[in-house]
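Listed below, chain by chain, are the residues.
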Amino acid sequence: MTAEPLASPRPLVIAHRGASHEEAEHTLRAYRKAFDHGADGVECDVRLTADHHLVCVHDRRVERTSNGSGLVSTLELARLEEFDWASWKDLDRAGEDETPEADPERGHLLTLRRLLDTLVEKGQEVVTLIETKHPTRHGDDVEKTLVQVLRAFDLDRGDRPGRPHVRVMSFSTRALARVHRLSPAIPLVHLVADRTAQLVDGTLPPGVGTVGLDIRLVRRKPKVVQRYRQHGHGVFVWTVDDPADVDLCGELGVDAVITNRPRMAIDRLGATR
């Protein structure tokens, strides 16, 4: 089962790890800022902790985005929650006039469950892209745990009114096949990086209805978008942070742009969904 392409008069704007150009990535503050800007949806990466909790962290190691050290996969949730996950971003923007407003959750590690709680509470059809990261010592436990979490939130049965519209993404075709086998109704997105793209003929693995293309590939080979369109597939493009790239995606008629700068993308594409 594959989902129909997302219908919209313009490409949907999906906030990559939240409004991560402005706020620390994968924090609730970043996601709330994205919705303040009018984003149509959000994207997150998930990794499995040593005690099998899914957390929203991109890197294998925690050093870049926290004040801790170590591998996510070897640390338990309680230990990860001791780290500060936002102060690095404050250092990046030192000297700016704006002082971050008080936020009791600022710097807290974001679990997938906490993010889904927030999205479900909105009661809207928020596009929610969840990327599983590989390789990992946990192997297929990542997808098994993800499907369990989605079932717990009743988000594993495809798109429904008033509920987040979840898609699971991965560069790994094996990971996508695992999700499809465990829960065929969950729509899937196959990510394709420019550096690994070889024959891009517009076809996708069985059960996958959407491709996620690297903007660098789209720049080099814009006709690739039409190839996937001709096969009836949806087309998402990442990570679209340059205004000229946003314009290109709009001209090509992609379904969604995934960006760290949702406010800029919405300004370029127009706010009407």
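Above this text sits the structure in question.
Owing to the predicted nature of the structure, the values given are computational and were not obtained by experimental measurement. (Residues numbered from 1 in each chain as written. Predicted model: local features only at pLDDT ≥ 70, side-chain atom pairs only at ≥ 80, totals over all residues. Heavy atoms only, no water.)

Asks: Would you mind going over the overall build of the protein in detail, with residue names and values included?
Replies: Within the protein, the secondary structure is distributed over ten helices and nine strands. Its C-alpha atoms give the protein a radius of gyration of 18 Å, near enough to 19 Å, the size a compact globule of 273 residues would have. Expressed as a percentage of its 273 residues, the buried residues of the protein come to 55%. If you take every contact in the protein between residues at least 6 apart in sequence, the share linking residues at least 24 apart comes to 60%. When the accessible surface of the protein is split by element, carbon and sulfur atoms take 46% of a total near 12300 Å². Each charge class in the protein can be summarised by its mean position, and for the 39 positive and 43 negative side chains these summaries are 5 Å apart. (Helix = DSSP H or I, 4+ residues; strand = E, 2+ residues; numbered from the N terminus. Rg over C-alpha atoms; globule rule 2.2 N^0.38 Å. Buried < 20%, exposed > 50% of the residue type's maximum accessible area, 1.4 Å probe, protein only. Contact = heavy atoms within 4.5 Å. Areas by Shrake-Rupley, 256 points an atom, 1.4 Å probe, with all protein chains shown as cover. Lys, Arg positive; Asp, Glu negative; His and termini not counted. Charge placed at Lys NZ, Arg CZ, Asp CG, Glu CD.)

Asks: Can you tell me about the pattern of salt bridges, naming the residues and giving the values?
Replies: This model, assessed by the stated rule, comprises 25 salt bridges. Salt-bridge contacts for R167 lead to D159; the nearest nitrogen and oxygen are separated by 2.8 Å. Residue D159 is classed as partly exposed on the basis of its relative accessible area of 34%. With a shortest N-O distance of 2.8 Å, D255 and R229 are connected by a salt bridge. Taken as a pair, D255 in the loop between α9 (243-252) and β9 (256-259) and R229 in helix α8 (residues 223-230) lie far apart in primary sequence, 26 residues in all. Exposure remark for D255: the relative accessible area of 7% places this residue in the buried category. One salt-bridge network, in which partners are shared between bridges, spans R17, E25, D45, D59, R64, E131 and K133. (Salt bridge = Lys/Arg side-chain N within 4 Å of Asp/Glu carboxyl O.)

Asks: Pulling in residues and values, what's your account of the side chain of D214?
Replies: Inspection of the secondary structure puts D214 in strand β7 (residues 210-214). Here D214 falls in the buried class, since its relative accessible area comes to 2%. For D214, the contacting residues outside a window of four places in its chain are V192, A193, D194, V237 and W238.

Asks: I'd love a proper account of the side chain of H233, names of residues and values included.
Replies: Looking at the secondary structure, you find H233 in the loop between α8 and β8 (234-238). Beyond its immediate chain neighbours, meaning those up to four positions away, H233 contacts G202, T203, L204, V208, G209 and Y228.

Asks: Run through the packing of helix α4 (residues 112-122) against helix α5 (residues 141-152), naming residues and quoting values.
Replies: Two elements in contact, α4 and α5, have axes separated by 11 Å at closest approach and are oriented at 30°. Judged by the angle between their axes, α4 and α5 are roughly parallel. With respect to the hand of their crossing, α4 and α5 are arranged in right-handed fashion. Across from L112, R113 and L116 in α4, the residues of α5 making contact are L146, V149, L150 and A152. (Axes fitted to C-alpha atoms, helices over the stretch in contact; angles between N-to-C directions. Parallel < 35°, antiparallel > 145°, perpendicular 65-115°, else oblique. Left-handed = near helix turned anticlockwise from the far one by under 90°.)

Asks: Can you lay out the packing of α5 against helix α6 (residues 173-182) for me, pointing to particular residues and giving the numbers?
Replies: Between two packed helices, both the angle of their axes relative to each other and the distance between the axes serve to describe the pair. At a closest axis distance of 9 Å, the pairing of α5 and α6 adopts a crossing angle of 40°. Here α5 lies oblique to α6, going by the angle between them. In the packing of α5 onto α6, the handedness of the crossing is right-handed. Contact residues: α5 offers E143, K144, V147 and R151, while α6 offers A175, R178, V179 and L182. Within the contact of α5 with α6, the residues separate by chemical class into four nonpolar, no polar and four charged. (Nonpolar A, V, L, I, M, F, W, Y, C, P; charged D, E, K, R; others polar.)

Asks: Mind laying out the nonpolar core, listing which residues take part and the relevant values?
Replies: Among soluble globular proteins, nonpolar side chains are generally buried collectively. Membership of the largest hydrophobic core comes to 57 residues, with the highest contact counts inside it found for L112, L150 and L213. The greatest single-element share of this core, amounting to five residues, is contributed by α5. Within the second largest apolar cluster, twelve residues are counted, among which are L12, I14, L129 and W238. (Core = buried A, V, L, I, M, F, W, Y, C linked by side-chain atoms within 4.5 Å.)

Asks: Tell me about α4, residues and numbers included.
Replies: Three or more residues of α4 are buried, namely L112, L115, L116, T118 and L119. The arc enclosing the buried residues of α4, seen along the axis, measures out at 155°, which places them on a common side. Lining the buried residues of α4 we find α1 (28-36), β2 (41-48), β3 (54-55), β4 (127-132) and α5. Backbone geometry just downstream of α4 places G123 in the positive-phi region, at approximately 65°. (Arc of directions from axis to C-beta.)

In short, geometric facts, not functional conclusions.
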